[in-house]
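Working through the structure, step by step
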Amino acid sequence: MPLDPAALSQALGPDAADGLQTLHTTLCRREAPAFQRAARSGDELVVACTQESRLFLELNEQTEGARPVQERPIRFVNIRETGGWSRDAARATPKIAALLAAAQLPETTPVGTVSYRSAGRVLVIGTAERATRAAALLGDGLDTSLLLSAAGGRLPQERALPVHEGRVVSVTGWLGRFDVEWESANPIDLDLCTRCNACVEACPEQAIDFS
């Protein structure tokens, strides 16, 4: 596995490249004292070998003056199978440097989780044509409702789904437990409308049209 300490040091920078001044070939065997010296320094340790992680942990535990892993964890990263052992190993220096840099990043803060259970209800928000097309794809297995977010467009004559119209104010919650608020400017309740068009013909002021 060809390694270029100078190139790795340049790629990682002075803060992250400490320890790359010497190229080791058998750090887990006859050169183990080099690891023990690093362990006694108290600095953060990144070991670029996962196969011998148990051995290095035991060495750290047996090294007098080395901090226990409970106080100073040792991070292990695999640069051999993921970059160094291949036909392109000589060109893998950037990838190896990236793996070493990623191993030195701070621990991420755990993301909060929520439990959910879907009851099979889905709300499709969009224009009349696009919302009805999406509902047709979902309707065979889900309880689907439509919220038309823009005026205009044609709805099917058959009232197979609940239909609402309005401007979305807020969407909160998560899958299985969500709330949607909207403001409607349409005096006609689309969920009650049968698309018979009688109101269009009957309105004396011609105030109702298809839109």
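Residues numbered from 1 in each chain as written. Predicted model: local features only at pLDDT ≥ 70, side-chain atom pairs only at ≥ 80, totals over all residues. Heavy atoms only, no water.

Remarks on the packing of helix α1 (residues 5-12) against helix α5 (residues 93-103)
Stated formally: Every axis corresponds to a line fitted to the C-alpha atoms, with the helix fit spanning only the stretch in contact, and the corresponding angles, defined between N-to-C directions, vary from 0 to 180 degrees. Put simply, DSSP H or I for four residues or longer makes a helix, DSSP E for two residues or longer makes a strand, and each gets a number counted from the N terminus. Here the word oblique covers every angle except those under 35 degrees (roughly parallel), over 145 (roughly antiparallel) and from 65 to 115 (roughly perpendicular). Note: crossing handedness is left-handed where the near helix turns anticlockwise from the far helix by less than a right angle, and right-handed where it turns clockwise. Residue contacts are defined here by distance: any two heavy atoms, one from each residue, within 4.5 Å place the two residues in contact. Any residue outside Ala, Val, Leu, Ile, Met, Phe, Trp, Tyr, Cys, Pro, Asp, Glu, Lys and Arg is labelled polar, Gly included; the first ten of those are nonpolar and the last four are charged.
Following both chains from N to C, one finds α1 and α5 inclined at 55 degrees, their axes separated by 9 Å at the closest point. When the interaxial angle is binned, α1 and α5 end up oblique. When you trace α1 past α5, the crossing you get is right-handed. Here Ala7, Leu8, Ala11 and Leu12 of α1 lie close against α5, whose contacting residues are Thr93, Ile96, Ala97, Leu100 and Ala101. Split into classes, the residues belonging to the contact of α1 with α5 amount to 8 nonpolar, 1 polar and no charged.

Quick look at the side chain of Asn60
Quick reminder of the rule: Think of a polar contact as two N or O atoms within 3.5 Å of one another; within protein, one of them needs to be a possible hydrogen donor and the other a possible acceptor, and neighboring residues in sequence only count if both atoms come from side chains.
Relative to the assigned elements, Asn60 resides in helix α3 (residues 53-62). Within the local environment of Asn60, its side chain forms a polar contact with the backbone oxygen of Arg67, the two atoms lying 3.1 Å apart. Discounting chain neighbours no more than four positions away, the residues touching Asn60 are Phe35, Ala39, Ala66, Arg67, Pro68, Val69, Arg72 and Ile74.

Quick notes on the sheet that holds strand β3 (residues 121-126)
To keep things clear, this is the line we draw: Only strands that DSSP links by at least two bridges are regarded as paired with each other.
Read from one edge of the open sheet, 3 strands run β3-β4-β5, paired in parallel fashion. One side of each edge strand has no neighbouring strand; the edge strands of this open sheet are β3 and β5 (163-165). Neighbour to neighbour, the strand axes of the sheet diverge by 25 degrees on average, direction disregarded. For β3 and strand β4 (residues 143-148), the ladder comprises 6 bridges, and the chain directions are parallel. Each bridged residue has a counterpart across the sheet, and for Leu123 the counterpart in β4 is Ser145.

Notes on the confidence of the model for the protein
Filter applied, for reference: Per residue, pLDDT captures the predictor's confidence, and it can take any value from 0 to 100.
The predicted model of the protein averages 87 in pLDDT, with 99% of residues at 70 or higher. Put simply, helix α4 (residues 80-84) is where the protein has its lowest mean pLDDT, 81, and α3 is where it has its highest, 94.

Re the pairing of strand β7 (residues 177-183)
Note: strand β6 (residues 167-174) against β7, 7 bridges, orientation antiparallel. Across the sheet, the residue bridging to Arg167 is Glu183, located in β7. Between β6 and the antiparallel strand that follows it, β7, lie 2 residues; Gly176 among them carries a positive phi value of about 90 degrees.

Focus: a nonpolar patch on the surface
Note the following rule: Nonpolar side chains (Val, Leu, Ile, Met, Phe, Trp, Tyr) within 5 Å and like charges within 9 Å form the patches, drawn only from residues with over 30% relative accessible area and no salt bridge. Only the protein chains shown count as covering a residue, and every accessible area follows the Shrake-Rupley method with a 1.4 Å probe. Just to be clear on terms, a salt bridge is a Lys or Arg side-chain nitrogen sitting within 4 Å of an Asp or Glu carboxyl oxygen.
A contiguous nonpolar surface patch, about 430 Å² in accessible area, is contributed by Val114, Tyr116, Trp174 and Leu175. Turning to its location among the elements, Trp174 is positioned in strand β6.

What to know about helix α6 (residues 128-138)
We apply this condition: The classification of residues rests on relative accessible area computed with a 1.4 Å probe and restricted to protein chains. Under 20% of the type maximum is buried, over 50% is exposed, and intermediate values are partly exposed. Each C-beta atom gives one direction from the helix axis, and the arc is the one those directions make.
Taken together, the buried positions of α6 are Ala128, Ala131, Thr132 and Ala135. All buried residues of α6 fall inside an arc of 95 degrees around its axis, so they share one side. Residues of α6 that are exposed and point over 90 degrees away from its buried face: Arg130, Arg133 and Leu137. For α6, the elements touching its buried residues are β3 and β4.

Regarding empty space enclosed by the protein
To be explicit about the condition: Cavity: a set of points on a 1 Å grid over the protein atoms alone where a 1.4 Å probe fits but cannot get out. Pocket: an open set with protein on both sides within 12 Å along at least five of seven lines, its lining residues, like those of a cavity, having an atom within 4 Å of a point. Grid points are joined across faces, edges and corners, and a volume is the space filled by probe spheres set on the points.
Under the defined criterion, the tally for this structure stands at 1 cavity of 30 Å³ or more. Here the largest cavity is characterised by a volume of approximately 30 Å³. Considering the residues around the largest cavity, the lining is formed by Ala48, Cys49, Thr50, Gln51, Asn78, Arg80 and Glu81. For the lining of the largest cavity, the residue count by class is 2 nonpolar, 3 polar and 2 charged.

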